[in-house]
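The residues making up each chain are set out below.
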Amino acid sequence: MSELSDVVEDVIEDGRGGTAGAGKDAPDSGALARGRRVVLGIVAGAALMAVGGLLATTLVKSPAQAAAETGPPAQGALTAEVERRVLAETVVMRGTVVADQSVEVAPQPRSVDGAGTPVVTKLPLKTGDTVAAGALLAEVSGRPVFTLKGTLPVYRDLKPGATGDDVAQLQQALRELGHGTGSDRKGFFGAGTKAALAARYRAIGYDPLPAVADGEEATKAAREAVRSAQWALEDAEGSRGGKATTSGATAQPGTTTGGTEGKPGSGTAAGATGTTGTADGGKTSGTDGGSGRTVSRARQALTDARAKLAAAEAADGPMLPASETVFLGSFPARVSGIGARIGSAVSGPILTLSAGELVVEAYLKDDKKQLLHAGMPVVISSEVAGTDVRGKVALVATERSTGQPTGQQPDQNGQGGSQGGSQNKSAGADLGYRMVVRADQPLPAGFAGQDVRLTIESAATDGEALVVPVTAVSATAEGRTVVTAVAADGTQRRIEVRTGTSGDGYVAVAPVQADSLAAGTRVVIGAAPKGNAK
């Protein structure tokens, strides 16, 4: 240190000597430069030590200081304004847009001796195709399956002579396709209906199945019986009009009088009828009692034969098998699915048709089923189309549905069809309670098959009401329901309220004491750091 002090003093003295005059000798220049470097090093070292100390005090903290800095900040009240508006309680769920009527076509052709398992032999449609009334849907084992318009399900084969509402539906459907039913009365399958049905089959390129599968043998036999009865009546009437008389002889039992030669069985045998001729002046004549009965019997036989022929002709003709037609309530329809291919055995639905207006189908669990009922307003939102459509809940089922959510109803006598959206109760998963939503205006065709969001207004306030966030409502130790209002100066007071409809995180409230709570009042909804409290 003494040497360092000497160097510093020399430097100072050299400086003074330089300013005092030039009479003195200048110090050695090397020593002077060395002394300056030493001073600068000392100053730099001191500066570094000062900076290091400052950093150490900033980064190094005691445990007490660290705990103090990580503790919770001072809390304040988080508030929100009381609003006056209509509050709706909503239920949000998903649904699928389907046709109001969905029919699975699963034909089961009539069994024929020697016929094997039914197979699909023609399938002219593909998914998305439009189907008109009367159109051919498919061919199964060589027999057609076609559409007709109607709402009644097929439950039997319709044959000539049948009556009922289903026959009237068939007649109307045929007339709409341009096939008149003649003079047949409504609901009676007569000659006009037979002709119209045969015309429909010809239009799609097929022959109808006969109602009586005997090759018309019964009708032919009935016609032959009428012909024979007609001849017998003619013979009997001829015998009665031309009585034979025998001169000088008495008619012997077993002889035939008044007969027509060459036609056995005509005329009347005296012995057979129990009448004999009488001799009067050499002439004998038979009574006409026996011939009268013969004519009467022949006429009755002809009447009976004609009745049997009429019955045979009425029963004969084309029939409509239940397996060959599908009734839909409206057209055009659309093929919504194909479940078979040509050559495949018919073991289930070969295709599915959709018809009628589009509706939204959804399934509810127990908790939501208790909240929803028919008539509630709904907003149908399509994320694909980016549009909202308003509608209403049309149906909430009272029984749970199982199977697949396809909106199908029980079979149409083997068709496997469904109409009106009723659920097919086939075995399967428990889907819940089926709900149908119908739009106020028809849904666009592009909505078909979409998965859409349903926002259902399950409850709403009766007009505008005071509304607060649900977190603003609390209960006191005495069991009162209150909200805590905050004045402009920060003071707080509790206001007793009655709660009402809730939804979307808000609840309607009414103050027990009138005018103690108004729109715009700020109420406590939670706690926040003082710097963020409102």
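Residues numbered from 1 in each chain as written. Predicted model: local features only at pLDDT ≥ 70, side-chain atom pairs only at ≥ 80, totals over all residues. Heavy atoms only, no water.

Trainee: How do you make sense of the overall build of the protein chain when you look at a structure like this?
Mentor: For the protein chain, the count of helices and strands is nine helices and 25 strands. The buried share among the 534 residues of the protein chain stands at 36%. For the protein chain, restricting intrachain contacts to residue pairs at least 6 apart in sequence, the fraction spanning at least 24 positions comes to 71%. With an accessible surface of roughly 29600 Å², the protein chain has 54% of that area assigned to carbon and sulfur atoms. (Helix = DSSP H or I, 4+ residues; strand = E, 2+ residues; numbered from the N terminus. Buried < 20%, exposed > 50% of the residue type's maximum accessible area, 1.4 Å probe, protein only. Contact = heavy atoms within 4.5 Å. Areas by Shrake-Rupley, 256 points an atom, 1.4 Å probe, with all protein chains shown as cover.)

Trainee: Is there a simple way to think about the sheet that holds strand E7 (residues 143-149) in this case?
Mentor: Sheets are built from strands that pair by backbone hydrogen bonding, the pairs being arranged parallel or antiparallel. On the basis of which strands lie adjacent, the open sheet formed by four strands has the order E4-E6-E7-E13 and mixed pairing. Each end of this open sheet is capped by a strand with a single partner; those strands are strand E4 (120-122) and strand E13 (325-328). Taking each pair of neighbouring strands and ignoring which way they run, the sheet shows an average axis angle of 30 degrees. Here helix H4 (residues 165-176) sits on the sheet and contacts E7 and E13; the angle it forms with E7, its principal contact strand, is near 90 degrees. (Pairing = 2+ DSSP bridges. Axes fitted to C-alpha atoms, helices over the stretch in contact; angles between N-to-C directions.)

Trainee: What exactly am I supposed to notice about the packing of aromatic side chains here?
Mentor: The way to describe two aromatic rings as a pair is by their centre distance and the angle between their planes. Enumeration according to the criterion identifies one aromatic pair in this entry. Here Phe 146 and Tyr 201 contribute two aromatic rings whose centre-to-centre distance is 5.4 Å and whose plane-to-plane angle is 80 degrees, an arrangement assigned as edge-to-face. Of this pair, Phe 146 sits in strand E7 while Tyr 201 sits in helix H5 (residues 191-203), placing them 55 residues apart in sequence. The pair formed by Phe 146 and Tyr 201 is uniform in burial state, with each residue classed as buried. It is Arg 185 that lies over the ring of Phe 188; its NZ or CZ is 4.4 Å from the centre. Sitting over the ring of Tyr 433, Lys 369 keeps its end group 5.1 Å from the ring centre. (Phe/Tyr/Trp six-rings, centres within 6.5 Å; stacked < 30°, edge-to-face > 60°. Lys NZ or Arg CZ within 6 Å of the ring centre and 35° of its normal.)

Trainee: Help me out: how do you make sense of the confidence of the model for the protein chain in this one?
Mentor: Mean pLDDT over the protein chain stands at 78; residues scoring 70 or higher make up 73%. The weakest mean pLDDT in the protein chain belongs to helix H7 (residues 270-273) at 34; the strongest belongs to H4 at 97. pLDDT under 50 marks residues 243-287. Its contacts with residues more than four places away, or in other chains, come to 49 contacts. (pLDDT = per-residue confidence, 0-100.)

Trainee: Teacher, can you tell me more about the nonpolar core here?
Mentor: Ile 380, Met 435, Leu 443, Leu 454 and Ile 456 are the most contacted members of the largest nonpolar core, which totals 23 residues. Of all the secondary-structure elements, those providing two or more residues to this core are strand E3 (88-105), strand E15 (351-364), strand E16 (377-382), strand E17 (387-402), strand E18 (430-439) and strand E19 (451-460). Setting aside residues up to four positions removed in sequence, Leu 454 forms contacts with Val 91, Val 92, Met 93, Gly 95, Val 360, Ala 362, Val 378, Val 379, Ile 380, Met 435 and Val 437. Ranked by size, the runner-up nonpolar core spans 20 residues in total, among them Ala 138, Val 140, Ala 340 and Ala 355. (Core = buried A, V, L, I, M, F, W, Y, C linked by side-chain atoms within 4.5 Å.)

Trainee: Explanation requested: unusual backbone geometry in the structure shown.
Mentor: Excluding glycine, most residues fall at negative phi; most peptide bonds, likewise, are trans. Pro 332 follows Phe 331 through a cis peptide bond whose omega is 0 degrees. Among the secondary structure elements, Pro 332 is positioned in the loop between E13 and strand E14 (333-338). If you check the backbone angles, Ser 141 has positive phi at about 50 degrees while not being a glycine. Examined against the element boundaries, Ser 141 turns out to sit in the loop between strand E6 (136-140) and E7. Located in the positive-phi region is Asp 504, a residue other than glycine, with phi close to 55 degrees. Structurally, Asp 504 is set in the loop between strand E23 (492-503) and strand E24 (506-511).

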